[in-house]
Structure formats: structure tokens, C-alpha cells
Amino acid sequence: QAPPPGPRGAGPRPPPTGGGGAMTQFGASTLLEPRIGPVSPIGRSDMSSVMAGGDAEAKKAKNTMLSDSLGLRKKKRSPREAKGPARMSARGREMLMPVPAGIVFATDKEAKQAAKPEDPETWPERLRTAALQVCHKLSTTQFVTLTRLEDMLKLAGHSTVWSEVVGKIVSRLPSLAGGWLSASATFSFVCEYEEKIMSDVQREFKLAAGESETISFTTLEDLVDRLGYTPLPHSLIAILQEAADIAAEPWLGRDAISLSTFEAFVQLLTERDGFSQAEVAGLDRAFTRFDRDDSGTIDPEELQPILCWLGCCAHENVTAQLEEVMRAEGSMDRARFRTLLRQHRALQYAHTHALFERYCSPELTVAPADLVRMFKKLRLSLLPETLWEVVEECELPHDAFGFTDFWSVLQGLRQREGFHSRELKEIGDTFRRFDRYGKGELFTRSLPNALRWMGHLLGQHSTARVDWKPEYGGRARITQAEFLKVVRDHTEADILSLREAFRQVAPEGGACPLPMSKLKATLEKLNKAYTQDCDDVIRKTMVQKWLRKANATFDFEEFRHVVARCRERARDRLRANQGFTDAEVTRLRKLFSQKLADCDNTAKETLPPAALIELFKIVTPMVEKSPEARNMLKKAINIHEDDHGSLDLPAFLKVMRTFEDLIEEEQSVGTPMVKQELGIPVVQVDDFLDIFSDYIRNGPQSLTAQDMRMLYSLGKGAPSRVSTALNKVRKSVNSTRVANAAVNAMQFNPLTYDQASRLKEHFLRMQDQKGAAGTVQQFIAFTKALRDVTPEQLDHAVA
């Protein structure tokens, strides 16, 4: 159990004797912290002001390279700053949201009095949820073993469990053979334990106060730790100020806390389950946002997106534990949601605190260089100027960082996923561009286009490292916070690909600079289009290299500069071409020019309606056979055609982009339907939609035997087996769809390729009889019909 922090600038206090055991299930580098704050009206989206530009865009970068250990400018701390909590500028308060970092327990006096000890269903919500995870679910007589009582207390909100108190109470309880406690005895144990802790805290307050009748902030931290809380100092101060208002006492500062203020302070913590008023409001906003049908509950599948929206990007094992509890209950109301967040928050804080202890000096501070190493351990990569920007916004010291300083910087960096404010603005602009209805959500099927708009996914191997589909592919929409996380993953993957390409070509595995003669070969490994831009980039931005030409060499940072400029040019071309890649635009331009020559209208460079009809039949064959595809195309043409119904090349590209957007929207709307009606795991939903996308764009002839085998096998393998096999295969192949097809071929698909070819013939006959499938629902019906065909029937058809 990680102990709570000491005063500002200090490290942790020693844990209490007999406290809970150390949390070692997950490493410190795998857990992130929650961000819930009083400023944002919609949770983590308080970053919108930064992502939209605002002050940060106008603010000039003070340094790009930091001297010494990151060159952080030293700033002397005043005695008041050294003693008090981290001060923030107005900008910093917008960026950082204070978070108490431990779980707390509520006294639940009225709920306990109304509960029936022998019936766990009547217990207070936090106790019932905790019992569900440790109890024997089939019996209220043999309910909980004595060895699981401390675990139950932790799940019920006690971040610190006092073993000596547990032992004294257990010795007086009646237990059954084998060390079992009944439900009634378990309830009595929890009630007695919490009453004992509360009475001890009240007595210790009076002893510590003495004649002054007030206690210091350090003493308050000790009492809070006794209660089972592990909050951060600045969070305690916010709640103390609320308590002083309730007690109708003037705020005398953090080192003059009276008994009446302390009693109000404890009451606020227990009534809100350890969350401050602003945090409770933030949780309620998040819950309301994801309660889409206003039923007062949310489904287990919404846990991951809601945690990400709040900024609680936990390790997958933590989320899996919470989801298991939710699925056992079927749904989650507000009380259960708050209980789960308490459990989630305690694990995160414990591991973050343990990481700080590993790096802190005897003075209980860390140097700037160690600070960066700690962020890397937390899997948070960043540039020096980004760290500088956050430190400046928090108005923190620049030579040494206490735990509170570290936590504050970590909050700011995690808010922005390690991006600089100018990068956040570009990400925000991109999200708003693809948020077609302005609801703060992005269709998952539009996510690849949004990433390309930012310059990702442009190279031939760009999808090899990042696979967001298992997490988001089974859902119709993602939030801005989730999009920010996906962009971060792709940014890091691009850097890794760049390093690998450099090491493969540069002498001695990248230890020596890259010669100019090998530059284009290296760039070609990333994106062939970069080879066309690199000469101009070097001539305009690296004049000395251009003059030396054959004798020039590039170290890794210089190589990264060339790649970044080439990537920007490829991105700008894509934006100018309505989001189509160079290869896609070349194909569309060629078809347009051919039709322009056929109708002898090269002077006006526009195609009349008759020629356009012929062109669209070539580009999108399904418009002839599917009324739905035809209607989508008509809608796109009506938006962009001129008064005569003609289109020039730029307008033609706009029509095709709008048509693509409408197809993506149709697929996203049908995403929940695919999973429900076909009974397939989430990891295969997006693959089904990829096949439908090829079908609707290029016609049924574009479907391969591999596609038919995948359609035939969807839902036929056990989901757990499918997921396990997919994870293994994905490590050895670059394409998710290829991985899925490989798994189907290896384990779950009874069809040979010859049978798959005959299944395609059956599919074409079915389409001729029933008409083309222009919607996801119709394609699902076709897939169900295909799955009803047996291999024997296919063999018999040949005979």
C-alpha cells in the first residue's frame, strides 16, 4: 500500500505499521491517473481551449533545447511557495485539474441502519459491490473467509487497512468451520471497524490539538491516512476551504484547522465517497453523457470510453477487473460508477507514488533529468519544449521537484498526452473537421481519414504498429479524448518506424551518420512519396547539406527533420486533394481526364451530366445495382454540382469525398448491429465492415475468396479463442485484416479456397435474386444466408 505524500516539496511519509500489503499486481509504468476537475463542463474536454489555439498559439516557445538537465531555468522558491501547495497561473488552472488520489469510505449511517445484515442486497452500495468481488456467491451462511476481510475493506474504500484493528474485531466474531463468516457477521465486522477508526481519529485530533484547539496540515494528513484516504495536498486544501464555509469559520490557513472545520471536512469526505464537490459534478456529467437513453444506467461496454473521457486511462487488467464486476451486475448506476472509480483511482495513485520513491533523492525531490525518466516509465513520451510549457503554466520550481510538483506536471502532460499546445490545436482542428454533427464524437469508420489528414497512415508500413480496432472498432463513435490517445499512439509508432529505417540503412546499425547516397533508400522504407520531396526539402531548409551533396551526412535528428518536412508536404497534398492519397488522386484524375477527352470538352474542363453518369458507373459500380448507394451519390452530387449539373475535377473530388463520408457514416451507424446480430467478437466487427466497404465501393466482384471465407466463419469460433489467436498472429503480420483471415484459415474455417470460390458464386446469384446490399443491415442478412450453406452443399453443387 503506497503511503500518502507529505507536505509540498517533501516525499512520502512511512506507511503505518500493520497497513495493507503492497500493491504489486501492476507495474508503476502501466497505470495512468484520473483527471477530474472543477473547471471543465464536460470532463477531459477542458483541453478544448488549448486544442482550439487561444493563448497557447500566441505564446512563443521560450526554448527548444534545455541546457544541462533539460535546461530548465532555475527559479528561486519563496518560503511561502516551499511550504504551500503548488500555485498555478490562470492558464495553469485551466490545464490542471486537482485530483485526490486515494479511495475513501463513507460512513453510510442511514443506509447501514436501514440495511438487513443477513441480506447483502440491502447493504450500502459500496459494501455490496465490494462483497460481490470476495464473497461466496452461493451462500449467505458461508459468505466470506477470514483471509478476505482486508481485501473487502480495500474494495469498500479503505486505501489503508489497519491489521491490528481487524485482528481485535475478528477475535470477537462468531466464525463457522473452515474460517467462514456469515453475511450478518461480515456486515457487523465492517460496521465495527469503521466506527472504531472514526472514534480513534476523533480522539487523536483532540490529543494533537491540545490547548490550541487546532491542528496543522501535516497532522491532518496523518488523520486522513488513519481514515483510509490517500488524497493529494491541494485536494485536501480545496475540501478544507469548503468545510470552513460550512462551519461558518474564517479560513485561517492550512496550519490552523479547528475541530468544527475538521468535523465538517470529514463529513464532506464521507458523504461524497471521498470526492470533492467539483469532482462529483464532473463524474455526474460524464455519467450523463454516456447514459444515452436516459435510463440512469450505463452498459459495461461503456466503461473503457468513459474512463478515457475522464482521463482515467488505466492498464487493461485494471479495466478488465472492473468490467467483470459490471457484467456480473448487468449494468451500472451512478452509485456503482462512483464505487468503481474509487477502486480505480487507488491503484493508479499507489503505483505513481511508488515510482517517485524509486527516483527521489534523500531530500525527497527529483532532478529534471530524473523527471523525464519517470515519464518514460509511465509510457509518456514528450519533447523538452512540452515539459517546459507545462512547468511554466504550473509556476513550479525548475531545479527540483517534490511529489506534489511531479503529480501536477504529470496531470498536465497526461491532459495533453504529451503534446505541445501547437500540436493540440492541430489535433483539435482535425477532430472538429471530422465531427460532422458537432456532438463531440467521431465516427470510428472516419478515424483512418482523420489520421491521414494529420499525416499519419501515409506510408506503406504505417499500420504495422498501431491497432486501435480491438478497442474502438466495435463502437460507432469515439470522443475527443480517445482521439487524442489514438493520435499519440500513432505518433509514437511513426517515431519507432523512423528509428528502425535509420538503423537498417545507416552504417553500424545507426551508430554512424546516414550518407546522402542512402537517404532516398531510407525514405522509401517509410513512404515512396518522400523520395520526390527530399531534394527540395534539403535545398530549402538545409542549405549546407545541399551544397555538400554527395559528401553530406545526416545524423538521426537531421534525418528526422527531413522526414518531418516531407511528411508535411504529403499531408498538405492530401488536404488539397480532399483527403485522398497521391495514388487515389492519380487514379481519379486519370479516369476524369479520359471522360473529358471522350466528350471533347477539354476547353471548359467540366463533365456534363451524361458523362458524369458514365464516370460514376466506373468509379463506383454499385450505383447501378444498389438504390441506397445511388441515393448517397445523388446527395453528394447535389451538394457540389454547378447550375448546369456539371463538375470540374476539384468538384468531382469533393463529390467522391462526400460519397465516402456517407458510406463511412452508414457503416458506423450499423456497427452495433453487426456485433449483435452476427454474434462476433469486437475484434472482428471492423473486418466485417472493411469487406462491406470494398463491396459497396467496388462491387461484388472485388470480394476475394479470402473475404468469403472470413464472412462464412464470422461468429463460428469461440470469441475467447478468436481473440487469443488474433493477438498471436498480429505480432507477425502488418495488417489486422490479414491477421483475422489467417486465424480463420488456421482454426475456425472449414471452407477450402475452392469452396470459398463457389460460395462467392452463390453470393452473386443471391444478389441477382434479391438485389444488391446497399446497407449494413442488408449485408448482414446476406452474411447470415451464406453461413447457413454447408460445405457439403457447395461440393454437391459442383457435382
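Check the entry above for the structure.
Below: a short report on this structure.

Calculation notes
- Residues numbered from 1 in each chain as written.
- Predicted model: local features only at pLDDT ≥ 70, side-chain atom pairs only at ≥ 80, totals over all residues.
- Heavy atoms only, no water.
- Core = buried A, V, L, I, M, F, W, Y, C linked by side-chain atoms within 4.5 Å.
- Buried < 20%, exposed > 50% of the residue type's maximum accessible area, 1.4 Å probe, protein only.
- Helix = DSSP H or I, 4+ residues; strand = E, 2+ residues; numbered from the N terminus.
- Contact = heavy atoms within 4.5 Å.
- Expected span 1.5 Å × (residues − 1).
- Arc of directions from axis to C-beta.

Things to note about the nonpolar core
Core analysis: the largest hydrophobic core is formed by 59 residues, its most contacted members being Phe616, Val674, Phe688, Tyr695, Phe763 and Phe779. At eight residues, helix 32 (residues 649-669) tops the list of elements feeding residues into this core. With residues near it in sequence (within four places) discarded, Val674 still touches Gly679, Ile680, Val685, Phe688, Leu689, Val776 and Ile780. One finds Met152, Leu153, Val161 and Phe205 within the second-largest nonpolar core, a separate group that totals 51 residues.

Details of helix 14 (residues 277-290)
For helix 14, built from 14 residues, the straight-helix expectation of 20 Å at 1.5 Å per residue is met to within 8% by its first-to-last C-alpha distance of 20 Å. Within helix 14, burial applies to Glu279, Val280, Gly282, Leu283, Ala286, Phe287 and Phe290. For helix 14, the angular spread of buried residues about the axis comes to 160°, placing them on one side.

Thoughts on the side chain of Thr522
Here Thr522 shows up in helix 25 (residues 519-526). For Thr522, a relative accessible area of 0% puts it in the buried group. Every residue in contact with Thr522, bar those within four places of it in the chain, is listed here: Ala501, Phe502, Val505, Leu514 and Phe559.

As for helix 35 (residues 705-713)
Of all nine residues in helix 35, seven are buried, a share of seventy percent or more. Buried within helix 35 are the following residues: Asp707, Met708, Arg709, Met710, Leu711, Tyr712 and Ser713.

Considerations on unusual backbone geometry
A negative phi angle characterises most non-glycine residues, just as the trans form characterises most peptide bonds. We note that Lys549 has phi near 50°; this positive angle belongs to a residue other than glycine. Secondary-structure assignment places Lys549 in the loop between helix 27 (543-548) and strand 8 (553-554). For Lys549, a relative accessible area of 47% puts it in the partly exposed group. Non-glycine residue Gln578 carries a positive phi angle of around 60°. Mapping Gln578 onto the fold places it in the loop between helix 28 (556-576) and helix 29 (582-598).

Read these as spatial facts, not as claims about activity.
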